[in-house]
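# Summary of the model geometry
Below are the chains, spelled out letter by letter.
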Amino acid sequence: MAKLSTEMISALGNYGHIGFTVVIAIFIGLGGGIYLDKYFFEGATSPWFTFIGLAFGIAAGYKSLFDVLRSQMEKPEDEDTEG
């Protein structure tokens, strides 16, 4: 079995982090919206806060995705630069 290079393991970690963060952000937003609808407003606003929470979760997931991608683009390359 071929050994994975550190570069490949680092890339897999970054991509796994992106997927995990997006999913968790969506579930937290959705859960917060459901909580507000059911318990705080006693179902009077259902399903509006669920939709709003879902939208905030999706927006937070995309913001996290773009932050990770921006940090990857700003990272200097590990190339040999001899001057």
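In the block above lies the structure referred to throughout.
Below: a short report on this structure. (Residues numbered from 1 in each chain as written. Predicted model: local features only at pLDDT ≥ 70, side-chain atom pairs only at ≥ 80, totals over all residues. Heavy atoms only, no water.)

### Some remarks on helix 2 (residues 48–74)
- Counted at 1.5 Å a residue, the expected span for helix 2 with its 27 residues is 39 Å, and the 39 Å between its end C-alpha atoms agrees.
- Among all positions of helix 2, only T50, G53, G57, G61, S64 and V68 are buried.
- Where helix 2 is buried, its residues contact helix 1 (6–40). (Helix = DSSP H or I, 4+ residues; strand = E, 2+ residues; numbered from the N terminus. Expected span 1.5 Å × (residues − 1). Buried < 20%, exposed > 50% of the residue type's maximum accessible area, 1.4 Å probe, protein only. Contact = heavy atoms within 4.5 Å.)

### A short note on the environment of Y35
- Here Y35 shows up in helix 1.
- With relative accessibility at 49%, the residue Y35 sits in the partly exposed group.
- Remark: the alpha-carbon pair of Y35 and F49, spanning 14 residues in sequence, is separated by 8.6 Å.

### Focus on a nonpolar patch on the surface
- A surface patch of nonpolar side chains, amounting to about 390 Å² of accessible area, comprises L4, M8, I9 and L12.
- Structurally, L12 is set in helix 1. (Patch = residues over 30% accessible without salt bridge, like charges linked within 9 Å, V, L, I, M, F, W, Y side chains within 5 Å. Areas by Shrake-Rupley, 256 points an atom, 1.4 Å probe, with all protein chains shown as cover. Salt bridge = Lys/Arg side-chain N within 4 Å of Asp/Glu carboxyl O.)

### Some words on unusual backbone geometry
- Backbone torsion omega between S46 and P47 reads 0°, so that peptide bond is classified as cis.
- Note that P47 resides in the loop between helix 1 and helix 2.
- Phi at E42 takes a positive value of approximately 55°, unusual for a residue other than glycine.
- Turning to its location among the elements, E42 is positioned in the loop between helix 1 and helix 2.
- Residue classification places E42 among the exposed residues on the basis of a relative accessible area of 69%.

Remember that the coordinates give geometry; whether it matters functionally is a separate question.
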